[in-house]
Amino acid sequence: MLLPGLKSLSGFEELQNIMTEIIGLIKPHLISHKKTLDPDNIRDFMDLYLTEIKDTTDPKSTMYGKKGEANLINAFVDLFLGGIETTSSTLLWAILILVHFPGKNMKKVYLKIQSIIFKITFLECQTKMVEEIEHVVGCDRLPSLEDRSELNYTNSFIHEAMRYTTFVPLSMFQQSTDEITYKGYKLPKDTFLVQSLFHVMRDPDYWSKPNTFNPERFLQNGKFVPDERVVPFGMGKRICLAKSLAEKEFFVFFTTLISTFSFEKVPNEELPSMEIEKVPVLGLLRSCPIYNVVMKLRDSH
């Protein structure tokens, strides 16, 4: 029995509406591609996928018939959410992190946050990244993916921003293929399962001061060392299809922005809280709250 209003209160109804809208954008392209498909003239990813579906004869395959088309749509949903929405949301979160604590009123900030380490970390981030980019890339061009392996502090900041903001607190629904026994609980076959990515990335038994933003946690002898528990795109075999695309997009966009502009808080204007309990999850994402920021062109540009 489903309690009245439970879908709405849980955010599930909002998630359903979002998914329906995205699928509605994809389906007309699927219909058009099916009508004009030419296996000898592959135009794009959708053509390639449809050709594989057409050639699949095993009914048990995930590429077979209508099941294959459903998985094709799911793949494009992943690309849409991971390659567009999560990139833009994470950029907004990262900039909010940069400006949340300007280098003024140190005592007031300390009393509010109750953590001097927390405050100092924010103050240093923007300066450290700009200095690193200027040292590695120079001032004559913008950063590119080829520079990524050399920008250790910048990578650490990005990694920590994704961990700290946890813009996708829960994974997409997955379905068990067999009966599972977990910690004394029996989960029947075809049970819908959801991973708590927030717990993984804020687990106090694993992370030192998990509620503190600290890019240095991913630096060892000055080198960036990623942690397998930073999982903004999910876990296991069914991680977001757009993971690689979104990470590359975010790196290029973010490094271009901070190497071109400085970001400062608007004077006398309060910034929104970043705490998890004060930023609601609407549908699937923990979207960044609205805020204003002052962007100034750097002298080197």
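1. Topic: the overall build of the chain
Reasoning step 1: Helices and strands together make up the secondary structure of the chain, namely 9 helices and 8 strands.
Reasoning step 2: By the burial criterion, 39% of the 301 residues in the chain qualify as buried.
Reasoning step 3: A separation threshold of at least 6 residues defines the contact pool for the chain, and within that pool the share at least 24 residues apart is 68%.
Reasoning step 4: Here the chain has roughly 18,100 Å² of accessible surface; of this, 57% comes from carbon and sulfur atoms.

2. Focus: the pattern of salt bridges
Reasoning step 1: A full pass over the atoms with the stated rule returns 10 salt bridges.
Reasoning step 2: The shortest N-O distance in the salt bridge between R229 and D203 comes to 3.7 Å. Taken as a pair, R229 in the loop between β6 (223–224) and α9 (243–260) and D203 in the loop between α8 (197–202) and β5 (219–220) lie far apart in primary sequence, 26 residues in all.
Reasoning step 3: Its salt-bridge partner being K296, residue E264 comes within 3.4 Å of it at the nearest N-O pair. Linking E264 in strand β7 (residues 261–265) with K296 in strand β8 (residues 293–297), this pair joins segments that are 32 residues apart in sequence.

3. A few points about the side chain of D47
Reasoning step 1: Secondary-structure assignment places D47 in helix α3 (residues 45–55).
Reasoning step 2: Excluding residues that lie within four positions of it along the chain, D47 makes contacts with H33, L37, N41 and I42.

4. Overview of the environment of E132
Reasoning step 1: Along the chain, the position of E132 falls in helix α6 (residues 116–136).
Reasoning step 2: For the pair E132 and S259, spaced 127 residues apart in sequence, the C-alpha to C-alpha distance is 9.9 Å.
Reasoning step 3: Those residues in contact with E132 that lie beyond four places of it in its chain are E150, L151, N152, Y153 and T154.

5. As for the confidence of the model for the chain
Detailed conclusions should not be drawn from predicted coordinates in areas where pLDDT is low.
Reasoning step 1: Across the chain, pLDDT averages 83, with 83% of residues at or above 70.
Reasoning step 2: Counting interchain partners and residues more than four positions distant, the pLDDT-below-50 stretch residues 1–7 has 4 contacts.

6. Considering the nonpolar core
Reasoning step 1: Formed by 43 residues in total, the largest nonpolar core has its most connected members in L98, M129, F157 and F254.
Reasoning step 2: Going through the elements one at a time, α4 (65–99), α6, α7 (152–165), α8 and α9 are the ones with two or more residues in this core.
Reasoning step 3: Other than its neighbours up to four places away in sequence, F157 contacts A94, I97, L98, C125, M129, F213, P215 and F254.
Reasoning step 4: In terms of nonpolar packing, the next biggest core, distinct from the first, is built from 13 residues, M19, Y49, L72 and V77 among them.

7. Looking at unusual backbone geometry
For residues besides glycine, phi is generally negative; the peptide bonds are generally trans as well.
Reasoning step 1: Here T166, not a glycine, exhibits a phi torsion of approximately 45°, which is positive.
Reasoning step 2: Examined against the element boundaries, T166 turns out to sit in the loop between α7 and β1 (174–175).
Reasoning step 3: T166 gets classed as buried once you look at its relative accessible area, which sits at 0%.
Reasoning step 4: Residue K183 is not a glycine yet carries a positive backbone phi of 50°.

8. A look at α7
Reasoning step 1: Taking 1.5 Å as the rise per residue, α7 with 14 residues should run 20 Å; its terminal C-alpha atoms sit 20 Å apart, in good agreement.
Reasoning step 2: Of all 14 residues in α7, 14 are buried, a share of seventy percent or more.
Reasoning step 3: Positive backbone phi, at 45°, marks T166, one or two positions downstream of α7.

Parameters at a glance
Residues numbered from 1 in each chain as written. Predicted model: local features only at pLDDT ≥ 70, side-chain atom pairs only at ≥ 80, totals over all residues. Heavy atoms only, no water. Helix = DSSP H or I, 4+ residues; strand = E, 2+ residues; numbered from the N terminus. Buried < 20%, exposed > 50% of the residue type's maximum accessible area, 1.4 Å probe, protein only. Contact = heavy atoms within 4.5 Å. Areas by Shrake-Rupley, 256 points an atom, 1.4 Å probe, with all protein chains shown as cover. Salt bridge = Lys/Arg side-chain N within 4 Å of Asp/Glu carboxyl O. pLDDT = per-residue confidence, 0-100. Core = buried A, V, L, I, M, F, W, Y, C linked by side-chain atoms within 4.5 Å. Expected span 1.5 Å × (residues − 1).

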